[in-house]
Amino acid sequence: MGSRIDEFEELRPLLFSIAYRILGSVSEAEDAVQESWLRFEASATVPRSVKAFLSATVTRISIDVLRSARVRREQYVGTWFPEPLLADPYEDPARAAELADSVSMAALLLLERLSPLERAVFVLREVFDFGFPEVAEAVGRSEAACRQLAARARKHMADGRPRFEADRSEREELATQFFDALRDGNVLGLQELLAADVSMVGDGGGKAPQLARAIIGADKVARLLASAFPGMARADVSFEQHEVNGQPGAIFRDRDGKVINAMTLDIVEGRVQAIRSVINPDKLGHVGPVADAWAVHREVRRGLRGSER
(Lines give C-alpha, C1' and ligand atoms only; values in the text may rest on other atoms or scores of the structure.)
Protein backbone atom coordinates (compact mmCIF):
# COMPACT_ATOMS: atom_id res chain seq x y z
CA MET A 1 0.00 0.00 0.00
CA GLY A 2 2.93 2.28 0.67
CA SER A 3 3.93 2.32 -3.00
CA ARG A 4 0.38 3.26 -4.05
CA ILE A 5 0.44 6.20 -1.63
CA ASP A 6 3.85 7.24 -2.96
CA GLU A 7 2.59 7.12 -6.57
CA PHE A 8 -0.40 9.24 -5.64
CA GLU A 9 1.63 11.81 -3.68
CA GLU A 10 4.04 12.19 -6.58
CA LEU A 11 1.11 13.06 -8.85
CA ARG A 12 -0.79 15.20 -6.32
CA PRO A 13 0.63 18.55 -7.58
CA LEU A 14 -0.46 17.75 -11.15
CA LEU A 15 -3.91 16.57 -10.03
CA PHE A 16 -4.49 19.72 -7.98
CA SER A 17 -3.35 21.95 -10.84
CA ILE A 18 -5.73 20.24 -13.27
CA ALA A 19 -8.66 20.45 -10.83
CA TYR A 20 -8.00 24.10 -9.90
CA ARG A 21 -7.97 25.21 -13.54
CA ILE A 22 -11.24 23.40 -14.18
CA LEU A 23 -12.91 24.63 -10.99
CA GLY A 24 -11.32 27.99 -10.10
CA SER A 25 -11.55 27.00 -6.44
CA VAL A 26 -8.74 25.90 -4.15
CA SER A 27 -11.07 24.17 -1.68
CA GLU A 28 -13.06 22.34 -4.38
CA ALA A 29 -9.83 21.32 -6.15
CA GLU A 30 -8.43 19.89 -2.90
CA ASP A 31 -11.68 17.95 -2.36
CA ALA A 32 -11.52 16.58 -5.93
CA VAL A 33 -7.94 15.42 -5.39
CA GLN A 34 -8.90 13.72 -2.12
CA GLU A 35 -11.84 11.96 -3.78
CA SER A 36 -9.46 10.78 -6.52
CA TRP A 37 -7.27 9.20 -3.86
CA LEU A 38 -10.23 7.40 -2.30
CA ARG A 39 -11.22 5.95 -5.67
CA PHE A 40 -7.62 4.96 -6.43
CA GLU A 41 -7.26 3.35 -3.01
CA ALA A 42 -10.52 1.43 -3.44
CA SER A 43 -9.60 0.18 -6.93
CA ALA A 44 -9.08 -3.60 -6.95
CA THR A 45 -6.61 -3.45 -9.83
CA VAL A 46 -3.54 -1.34 -10.46
CA PRO A 47 -4.06 0.66 -13.69
CA ARG A 48 -1.51 0.38 -16.53
CA SER A 49 -0.81 4.10 -16.18
CA VAL A 50 -1.40 5.56 -12.74
CA LYS A 51 -0.99 9.09 -14.14
CA ALA A 52 -3.64 8.50 -16.82
CA PHE A 53 -6.02 6.89 -14.32
CA LEU A 54 -5.72 9.61 -11.69
CA SER A 55 -5.79 12.47 -14.22
CA ALA A 56 -8.96 11.05 -15.75
CA THR A 57 -10.49 10.52 -12.30
CA VAL A 58 -9.82 14.03 -11.04
CA THR A 59 -11.03 15.49 -14.35
CA ARG A 60 -14.37 13.64 -14.22
CA ILE A 61 -14.90 14.60 -10.58
CA SER A 62 -14.08 18.23 -11.40
CA ILE A 63 -16.50 18.30 -14.34
CA ASP A 64 -19.32 17.04 -12.09
CA VAL A 65 -18.48 19.60 -9.39
CA LEU A 66 -18.29 22.42 -11.95
CA ARG A 67 -21.72 21.59 -13.34
CA SER A 68 -23.30 22.04 -9.91
CA ALA A 69 -21.11 25.08 -9.13
CA ARG A 70 -22.38 26.85 -12.25
CA VAL A 71 -25.82 27.25 -10.68
CA ARG A 72 -24.33 28.80 -7.53
CA ARG A 73 -22.17 31.18 -9.56
CA GLU A 74 -25.18 32.39 -11.53
CA GLN A 75 -26.79 33.38 -8.21
CA TYR A 76 -23.60 34.93 -6.81
CA VAL A 77 -23.84 38.42 -5.30
CA GLY A 78 -21.71 40.83 -7.33
CA THR A 79 -18.71 39.90 -9.44
CA TRP A 80 -17.41 36.32 -9.12
CA PHE A 81 -13.64 35.74 -9.12
CA PRO A 82 -11.74 32.47 -8.63
CA GLU A 83 -10.21 31.73 -5.24
CA PRO A 84 -6.70 33.25 -5.22
CA LEU A 85 -3.84 30.81 -5.69
CA LEU A 86 -0.55 31.90 -4.14
CA ALA A 87 1.57 29.05 -5.47
CA ASP A 88 0.87 26.46 -8.16
CA PRO A 89 2.25 23.16 -6.78
CA TYR A 90 2.89 21.74 -10.27
CA GLU A 91 6.04 22.85 -12.03
CA ASP A 92 7.33 22.18 -15.53
CA PRO A 93 10.25 24.43 -16.49
CA ALA A 94 9.58 23.86 -20.20
CA ARG A 95 6.03 25.21 -19.84
CA ALA A 96 6.49 27.68 -16.95
CA ALA A 97 5.15 30.75 -18.81
CA GLU A 98 2.11 28.89 -20.18
CA LEU A 99 1.32 27.42 -16.77
CA ALA A 100 1.52 30.85 -15.11
CA ASP A 101 -0.68 32.52 -17.75
CA SER A 102 -3.24 29.69 -17.68
CA VAL A 103 -3.80 30.16 -13.95
CA SER A 104 -4.15 33.97 -14.12
CA MET A 105 -7.43 35.53 -13.04
CA ALA A 106 -7.96 36.74 -16.61
CA ALA A 107 -7.52 33.26 -18.08
CA LEU A 108 -9.70 31.59 -15.43
CA LEU A 109 -12.48 34.12 -16.07
CA LEU A 110 -12.27 33.31 -19.78
CA LEU A 111 -12.47 29.60 -18.95
CA GLU A 112 -15.74 30.34 -17.14
CA ARG A 113 -17.31 31.06 -20.53
CA LEU A 114 -16.64 27.51 -21.76
CA SER A 115 -18.84 24.51 -21.15
CA PRO A 116 -17.49 22.13 -18.46
CA LEU A 117 -16.41 19.65 -21.18
CA GLU A 118 -14.69 22.34 -23.28
CA ARG A 119 -12.95 23.62 -20.19
CA ALA A 120 -11.67 20.18 -19.17
CA VAL A 121 -10.47 19.37 -22.70
CA PHE A 122 -8.71 22.74 -23.00
CA VAL A 123 -6.97 22.31 -19.63
CA LEU A 124 -5.76 18.78 -20.36
CA ARG A 125 -4.75 19.38 -23.96
CA GLU A 126 -3.57 22.99 -24.16
CA VAL A 127 -2.21 23.54 -20.66
CA PHE A 128 -0.85 20.11 -19.71
CA ASP A 129 -0.18 18.75 -23.21
CA PHE A 130 -2.07 15.47 -22.82
CA GLY A 131 -2.52 13.45 -26.00
CA PHE A 132 -6.01 13.22 -27.47
CA PRO A 133 -6.35 9.51 -26.56
CA GLU A 134 -5.76 10.44 -22.89
CA VAL A 135 -8.11 13.43 -23.13
CA ALA A 136 -10.82 11.28 -24.70
CA GLU A 137 -10.47 8.68 -21.94
CA ALA A 138 -10.62 11.37 -19.26
CA VAL A 139 -13.82 13.07 -20.47
CA GLY A 140 -15.57 10.01 -21.90
CA ARG A 141 -15.83 11.30 -25.47
CA SER A 142 -14.34 10.16 -28.79
CA GLU A 143 -11.03 11.58 -29.97
CA ALA A 144 -12.81 13.30 -32.85
CA ALA A 145 -15.27 14.95 -30.45
CA CYS A 146 -12.38 16.06 -28.22
CA ARG A 147 -10.60 17.64 -31.18
CA GLN A 148 -13.75 19.65 -31.92
CA LEU A 149 -14.12 20.63 -28.27
CA ALA A 150 -10.46 21.70 -28.16
CA ALA A 151 -10.79 23.76 -31.35
CA ARG A 152 -13.88 25.59 -30.01
CA ALA A 153 -12.21 26.21 -26.65
CA ARG A 154 -9.01 27.50 -28.28
CA LYS A 155 -11.00 29.97 -30.37
CA HIS A 156 -12.93 31.27 -27.34
CA MET A 157 -9.72 31.67 -25.36
CA ALA A 158 -7.74 33.26 -28.21
CA ASP A 159 -10.50 35.81 -28.86
CA GLY A 160 -10.40 37.14 -25.30
CA ARG A 161 -7.02 36.28 -23.85
CA PRO A 162 -4.98 39.31 -22.79
CA ARG A 163 -1.34 39.54 -23.82
CA PHE A 164 0.60 39.75 -20.58
CA GLU A 165 3.98 41.44 -20.31
CA ALA A 166 6.41 38.92 -21.81
CA ASP A 167 9.35 39.82 -19.58
CA ARG A 168 8.61 38.63 -16.05
CA SER A 169 11.21 40.90 -14.43
CA GLU A 170 9.73 43.98 -16.14
CA ARG A 171 6.29 42.99 -14.93
CA GLU A 172 7.54 42.62 -11.35
CA GLU A 173 9.37 45.96 -11.53
CA LEU A 174 6.24 47.77 -12.69
CA ALA A 175 4.22 46.10 -9.94
CA THR A 176 6.76 47.28 -7.36
CA GLN A 177 6.43 50.84 -8.68
CA PHE A 178 2.64 50.53 -8.47
CA PHE A 179 2.63 49.36 -4.86
CA ASP A 180 5.23 51.99 -3.88
CA ALA A 181 2.98 54.70 -5.38
CA LEU A 182 -0.03 53.19 -3.59
CA ARG A 183 1.81 53.20 -0.25
CA ASP A 184 2.80 56.85 -0.81
CA GLY A 185 -0.68 57.90 -1.93
CA ASN A 186 0.97 59.23 -5.10
CA VAL A 187 -1.86 60.02 -7.56
CA LEU A 188 0.39 61.09 -10.43
CA GLY A 189 2.70 58.13 -9.89
CA LEU A 190 -0.27 55.76 -10.07
CA GLN A 191 -1.74 57.47 -13.14
CA GLU A 192 1.52 56.99 -15.04
CA LEU A 193 1.44 53.24 -14.40
CA LEU A 194 -2.22 52.65 -15.30
CA ALA A 195 -3.63 51.95 -18.75
CA ALA A 196 -6.08 54.64 -19.90
CA ASP A 197 -8.99 52.17 -19.69
CA VAL A 198 -7.81 50.34 -16.55
CA SER A 199 -10.56 48.63 -14.57
CA MET A 200 -10.69 47.97 -10.83
CA VAL A 201 -13.15 45.38 -9.54
CA GLY A 202 -13.69 43.60 -6.21
CA ASP A 203 -15.32 40.29 -5.29
CA GLY A 204 -16.94 40.46 -1.86
CA GLY A 205 -19.74 37.99 -2.57
CA GLY A 206 -22.08 40.07 -0.42
CA LYS A 207 -19.99 39.09 2.62
CA ALA A 208 -17.44 41.93 2.62
CA PRO A 209 -17.35 45.59 1.57
CA GLN A 210 -16.80 45.98 -2.14
CA LEU A 211 -17.22 48.55 -4.89
CA ALA A 212 -20.77 48.77 -6.18
CA ARG A 213 -19.45 48.51 -9.74
CA ALA A 214 -16.17 48.43 -11.64
CA ILE A 215 -14.18 51.68 -11.59
CA ILE A 216 -12.90 52.45 -15.09
CA GLY A 217 -10.20 54.90 -16.18
CA ALA A 218 -6.71 55.83 -14.99
CA ASP A 219 -7.71 59.09 -13.31
CA LYS A 220 -10.65 57.63 -11.32
CA VAL A 221 -8.74 54.52 -10.25
CA ALA A 222 -5.60 56.46 -9.26
CA ARG A 223 -7.56 58.99 -7.19
CA LEU A 224 -9.61 56.32 -5.45
CA LEU A 225 -6.55 54.25 -4.54
CA ALA A 226 -4.50 57.26 -3.41
CA SER A 227 -7.34 58.66 -1.30
CA ALA A 228 -8.03 55.34 0.43
CA PHE A 229 -4.53 54.55 1.61
CA PRO A 230 -4.18 57.22 4.37
CA GLY A 231 -7.21 55.71 6.13
CA MET A 232 -5.78 52.21 5.62
CA ALA A 233 -2.48 53.30 7.15
CA ARG A 234 -4.26 54.78 10.19
CA ALA A 235 -6.09 51.46 10.61
CA ASP A 236 -2.70 49.67 10.49
CA VAL A 237 -3.58 47.89 7.26
CA SER A 238 -0.43 46.57 5.61
CA PHE A 239 0.32 44.64 2.47
CA GLU A 240 3.11 42.53 1.09
CA GLN A 241 3.77 41.97 -2.58
CA HIS A 242 3.10 38.39 -3.54
CA GLU A 243 2.56 36.51 -6.78
CA VAL A 244 -1.15 35.70 -7.00
CA ASN A 245 -2.41 33.36 -9.71
CA GLY A 246 0.91 33.56 -11.50
CA GLN A 247 0.71 37.36 -11.79
CA PRO A 248 2.05 40.27 -9.69
CA GLY A 249 -0.16 41.02 -6.70
CA ALA A 250 -0.34 41.59 -2.98
CA ILE A 251 -1.94 40.27 0.20
CA PHE A 252 -3.50 42.91 2.47
CA ARG A 253 -3.64 42.27 6.23
CA ASP A 254 -5.08 43.94 9.32
CA ARG A 255 -2.99 44.91 12.35
CA ASP A 256 -3.17 41.34 13.67
CA GLY A 257 -1.83 39.92 10.42
CA LYS A 258 -5.19 38.51 9.32
CA VAL A 259 -5.99 38.48 5.62
CA ILE A 260 -8.31 41.21 4.30
CA ASN A 261 -7.99 40.64 0.58
CA ALA A 262 -5.80 39.36 -2.24
CA MET A 263 -5.12 41.73 -5.14
CA THR A 264 -3.85 40.84 -8.62
CA LEU A 265 -2.59 43.07 -11.40
CA ASP A 266 -2.87 42.38 -15.13
CA ILE A 267 0.09 44.10 -16.78
CA VAL A 268 -0.16 44.55 -20.54
CA GLU A 269 2.17 46.59 -22.75
CA GLY A 270 3.90 48.23 -19.80
CA ARG A 271 0.73 49.36 -18.01
CA VAL A 272 -1.62 47.98 -15.37
CA GLN A 273 -4.71 46.94 -17.34
CA ALA A 274 -6.85 45.43 -14.57
CA ILE A 275 -6.85 45.40 -10.76
CA ARG A 276 -8.86 42.60 -9.15
CA SER A 277 -9.42 42.11 -5.43
CA VAL A 278 -10.83 39.00 -3.79
CA ILE A 279 -12.39 40.15 -0.49
CA ASN A 280 -14.99 37.42 0.07
CA PRO A 281 -13.84 35.77 3.34
CA ASP A 282 -15.07 32.38 2.11
CA LYS A 283 -12.36 32.49 -0.57
CA LEU A 284 -9.44 33.49 1.65
CA GLY A 285 -9.28 30.85 4.40
CA HIS A 286 -6.54 28.88 2.62
CA VAL A 287 -4.34 32.01 2.57
CA GLY A 288 -4.42 32.39 6.37
CA PRO A 289 -6.67 33.54 9.25
CA VAL A 290 -9.24 35.93 7.77
CA ALA A 291 -9.90 39.46 9.05
CA ASP A 292 -13.29 41.01 9.75
CA ALA A 293 -13.35 43.12 6.58
CA TRP A 294 -16.40 45.10 7.70
CA ALA A 295 -14.66 46.15 10.93
CA VAL A 296 -11.54 47.16 8.99
CA HIS A 297 -13.70 49.09 6.51
CA ARG A 298 -15.36 51.05 9.33
CA GLU A 299 -12.01 51.88 10.88
CA VAL A 300 -10.57 52.99 7.53
CA ARG A 301 -13.56 55.30 6.98
CA ARG A 302 -13.10 56.79 10.45
CA GLY A 303 -9.43 57.33 9.63
CA LEU A 304 -10.30 59.09 6.37
CA ARG A 305 -12.84 61.33 8.11
CA GLY A 306 -10.23 62.14 10.76
CA SER A 307 -7.68 63.14 8.10
CA GLU A 308 -10.16 65.59 6.56
CA ARG A 309 -10.49 67.60 9.73
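Owing to the predicted nature of the structure, the values given are computational and were not obtained by experimental measurement. (Residues numbered from 1 in each chain as written. Predicted model: local features only at pLDDT ≥ 70, side-chain atom pairs only at ≥ 80, totals over all residues. Heavy atoms only, no water.)

## Overview of the overall build of the protein chain
Alright, step 1. A count of helical and extended segments in the protein chain gives 12 helices and six strands.
Alright, step 2. Taking 19 Å as the expected radius of gyration for a compact globule of 309 residues, we find that the protein chain reaches 21 Å, a close match to that expectation.
Alright, step 3. Overall, the protein chain is about 75 × 35 × 35 Å in size when its C-alpha atoms are taken along their principal axes.
Alright, step 4. Out of the 309 residues in the protein chain, the part that is buried amounts to 50%.
Alright, step 5. The long-range fraction of contacts in the protein chain, counting pairs at least 24 apart against all pairs at least 6 apart in sequence, stands at 68%.
Alright, step 6. Put simply, the protein chain shows about 14600 Å² of open surface, and 50% of that area lies on carbon and sulfur atoms.
Alright, step 7. In the protein chain, 41 side chains carry a positive charge and 47 a negative one; their mean positions are 6 Å apart. (Helix = DSSP H or I, 4+ residues; strand = E, 2+ residues; numbered from the N terminus. Rg over C-alpha atoms; globule rule 2.2 N^0.38 Å. Buried < 20%, exposed > 50% of the residue type's maximum accessible area, 1.4 Å probe, protein only. Contact = heavy atoms within 4.5 Å. Areas by Shrake-Rupley, 256 points an atom, 1.4 Å probe, with all protein chains shown as cover. Lys, Arg positive; Asp, Glu negative; His and termini not counted. Charge placed at Lys NZ, Arg CZ, Asp CG, Glu CD.)

## Looking at the confidence of the model for the protein chain
Alright, step 1. Per-residue confidence for the protein chain gives a mean pLDDT of 92; residues scoring 70 or more make up 95%.
Alright, step 2. Mean pLDDT per element in the protein chain: helix α12 (residues 293-308) is the minimum at 78, and strand β4 (residues 249-253) is the maximum at 97. (pLDDT = per-residue confidence, 0-100.)

## Quick notes on the side chain of Lys283
Alright, step 1. Along the chain, Lys283 falls in the loop between β6 (271-278) and α12.
Alright, step 2. A distance of 2.4 Å separates a polar side-chain atom of Lys283 from the backbone oxygen of Phe81.
Alright, step 3. Dropping the residues within four chain positions of it, Lys283 is found in contact with Tyr76, Trp80, Phe81, Glu83, Pro84, Asp203 and Val278. (Polar contact = N/O pair within 3.5 Å; in protein donor to acceptor, adjacent residues only side chain to side chain.)

## Brief notes about the nonpolar core
Alright, step 1. In terms of nonpolar packing, the biggest core is built from 49 residues, with Ile18, Tyr20 and Phe128 touching the most fellow members.
Alright, step 2. Of all the secondary-structure elements, those providing two or more residues to this core are α1 (2-23), α2 (26-42), α3 (50-74), α5 (105-111), α6 (116-127), α7 (132-139) and α8 (143-160).
Alright, step 3. For this core, the element with the highest residue contribution is α1, accounting for 10 residues.
Alright, step 4. Every residue in contact with Ile18, bar those within four places of it in the chain, is listed here: Ser55, Val58, Thr59, Val123, Leu124, Phe128 and Phe130.
Alright, step 5. Grouped together as the second largest cluster of nonpolar side chains are 32 residues, Leu193, Ala218, Ile267 and Ile275 included. (Core = buried A, V, L, I, M, F, W, Y, C linked by side-chain atoms within 4.5 Å.)

## With respect to the sheet that holds strand β1 (residues 194-203)
Alright, step 1. The six strands are arranged β2-β1-β6-β5-β4-β3 in an open sheet whose pairing can be described as mixed. The open sheet is flanked by β2 (215-216) and β3 (238-241), the only strands paired with a single partner.
Alright, step 2. Where β1 meets β2, two bridges bridge the pair, whose relative direction is antiparallel. Across the sheet, residue Met200 finds its bridge partner in β2, namely Ile215.
Alright, step 3. On top of the sheet, helix α9 (residues 168-184) reaches β1, β3, β4, β5 (259-268) and β6; it is set at about 130 degrees to β5, its chief contact.
Alright, step 4. Along the sheet, helix α11 (residues 218-234) makes contact with β1, β2, β3, β4 and β6, crossing β1 at roughly 50 degrees. (Pairing = 2+ DSSP bridges. Axes fitted to C-alpha atoms, helices over the stretch in contact; angles between N-to-C directions.)

## Structural notes on α3
Alright, step 1. The end-to-end C-alpha separation of α3 is 36 Å, in line with the 36 Å expected for 25 residues at 1.5 Å each.
Alright, step 2. At Ser68, α3 shows its maximal kink, close to 30 degrees. (Expected span 1.5 Å × (residues − 1). Bend = angle between axes of the 7 residues up to and from the residue.)

## Details of the pattern of salt bridges
It is possible for side chains of opposite charge to pair when their charged atoms get near one another.
Alright, step 1. Under the criterion given, the structure shown has 22 salt bridges.
Alright, step 2. We note a salt bridge from Glu112 to Arg73, for which the minimum N-O separation is 2.5 Å. Here Arg73 lies in helix α3 and Glu112 lies in the loop between α5 and α6, a separation of 39 residues in the sequence.
Alright, step 3. Residue classification places Glu112 among the buried positions, given a relative accessible area of 16%.
Alright, step 4. Glu126 is the partner of Arg154 in a salt bridge, and the nearest nitrogen-oxygen pair spans 2.7 Å. (Salt bridge = Lys/Arg side-chain N within 4 Å of Asp/Glu carboxyl O.)

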